[in-house]
Amino acid sequence: MEKSKKTSQLPSPIKKLSILVEINQAVSRTSDLDEALGATLKILQNSFAIKSGAVFLVDDSRKTLKMATSIGYRADLAKTKYKLGEGLTGRIAETGKPIVAPQVSKEPLFLNRMSSWNPVSERDQTFIGVPIILDYRTLGVLIVNLPYNNRRDYDAALKFLQLVASALLQPIRLQQLIENEKQKLFDENASLKHKLQEEYSFHNIIGNSHEMRDVYEKVTQVARAQTTVLIRGESGTGKELIAQAIHYNSLISDKSFIRVNCAAIPENLIESEFFGHEKGAFTGAIARKKGKFELADGGTIFLDEIGDLSPLTQVKLLRVLQEQEFERVGGTETIKVDVRVIAATNADLEKNIKEGKFREDLYYRLNVFTIFLPSLRERKTDILLLADHFMLKYGRKHNKSIKRISTPAIDMLMRYHWPGNVRELENCIERAALVCQDQVIHSYHLPPTLQTAESSDTMPRLSLEKAVSAYEKELIQDALKSTRGNRAKAARLLNTTERIIGYKINILGIDPSRFK
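Residues numbered from 1 in each chain as written. Predicted model: local features only at pLDDT ≥ 70, side-chain atom pairs only at ≥ 80, totals over all residues. Heavy atoms only, no water.

**Student:** When you look at the confidence of the model for the protein in this model, what are you seeing that I'm missing?
**Tutor:** The predicted structure's coordinates, where accompanied by low pLDDT, should not be read in detail. In this model, the protein carries a mean pLDDT of 87, and residues with pLDDT of at least 70 account for 94%. Mean pLDDT in the protein bottoms out at helix H1 (residues 2–8), which sits at 40, and peaks at strand S7 (residues 229–232), which reaches 96. Under a pLDDT of 50 for its full length, residues 453–458 has, in the predicted model, 15 contacts with residues more than four places off or in other chains. (pLDDT = per-residue confidence, 0-100. Helix = DSSP H or I, 4+ residues; strand = E, 2+ residues; numbered from the N terminus. Contact = heavy atoms within 4.5 Å.)

See the structure below:
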């Protein structure tokens, strides 16, 4: 009798208002969607006397409703789904309109899939479902089951639950924004990793000389192993590019690739850079800092110019390579890492060992798999390929429509000994692209270092007559090259007559047949 009396007492407008305030407070307290929805249903159970309730969300395919949270149902029904249009819940999502079924026993669309009502042992119950809508788009459905009461004001109950559904918009929308942002970041990260793998694929390294083919073969052999690699070669030969190619073609290409230039770090800071430090370890250490090895955990660390390390740092580096563990500066905790080491140097390590500048045991620890990079003068057949690549690269960068490099400029590039290797060639072509005013890089666009007697075997001084002749010869050679040795077309290209072109060809000793 007491239970029947309690059931007949329906919430007053003031009570409903206090319930809404409580729901809004619960929703505002958390950014976790499950927690917000669960708190809302708990409040409805305690204050609105619902038997059971659930919130369903429309999935990304817009074809299925999936249960987000529920109350008053068996635990094994937590993954209940409805197709749009299926049952009362699916119909609400499909039409975007609420449904009130005062007596579910008389409602054929009530599927009772979640066993909220036992027709044998329980009296009738009421179903109310409202859509959760934002900008005319259904995001989900709120359903509740109430004990049947013929005195219930169904219009008032429906309006109240529509207000509750409106309060749920904020956490649902927030969760969608978070998920969309996570997916966007994931896609961007995957795209960036793919671009890095493409960019640093050794197939994209310029050069098809025999020496470089040997390098590619070694990169292929070692990339998918966890072996320590030592890259040796002169400055500017592309040691870091090879290190990146090894990492981004390895099994840990999705992990960190940390670069450390050993020669650029001051002696008193190198240990802190390698291994990190604890707060207060030294003056200026205001917070704990992770070192490069700790940041590279699970990935690759590239130690450039390793031949410049001090003897004390060499000892500590040797321990990391052997034991894969270290302590931060000022700390006692031993930190274990799993790091692949790729080292590079242009130094003569064997000579440094004899002079006591480099530890022999560290040398043997690093010298597991060695890749020697040839200097540019040892791979002269690649100079033109590299020059063309840099011409296009810096032409785009400086918005220049540069099509080719003139024959005299190519000859000058091929004669030069390139002490700075590929880096010097790149800087040289960038400078030429910057000062070039037409579609061709000429010899006079190249830096002065390529135009001295020492560097290019050219005459140090020319008379005016010889300088003019040299310039005329370059222009005529370019024109013949463009016209495949056709004198008449070359004359039109230079806005002169074929007779004058023929005269100049004879005087300057040009052979048009080499351009056919």
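**Student:** What's the story with the pattern of salt bridges in this structure? I'm lost.
**Tutor:** Two side chains carrying opposite charge are able to pair once their charged atoms lie near each other. For the coordinates displayed, the defined rule picks out 21 salt bridges. The residue Asp-361 makes a salt bridge to Arg-359 at a minimum N-O spacing of 2.8 Å. By relative accessible area, Asp-361 is classed as partly exposed at 33%. Among the ionic pairs, Arg-404 bridges to Asp-478, the shortest N-O distance being 3.6 Å. Here Arg-404, found in strand S16 (residues 404–405), pairs with Asp-478, found in helix H18 (residues 464–482); they are 74 residues apart in sequence, far enough to count as distant. Here the residues in one salt-bridge network are Glu-278, Arg-288, Glu-294 and Arg-328, joined through shared partners. (Salt bridge = Lys/Arg side-chain N within 4 Å of Asp/Glu carboxyl O. Buried < 20%, exposed > 50% of the residue type's maximum accessible area, 1.4 Å probe, protein only.)

**Student:** So what exactly am I meant to see when it comes to the pairing of strand S6 (residues 137–147) here?
**Tutor:** For a regular strand, the rule is simple: side chains alternate between the two faces of the sheet. The buried fraction of S6 is high, at 10 of 11 residues. When strand S1 (residues 52–58) meets S6, the two strands line up antiparallel, connected through 6 bridges. Residue Ala-54 lies in a different strand from S6, and its bridge partner there is Ile-143. (Pairing = 2+ DSSP bridges.)

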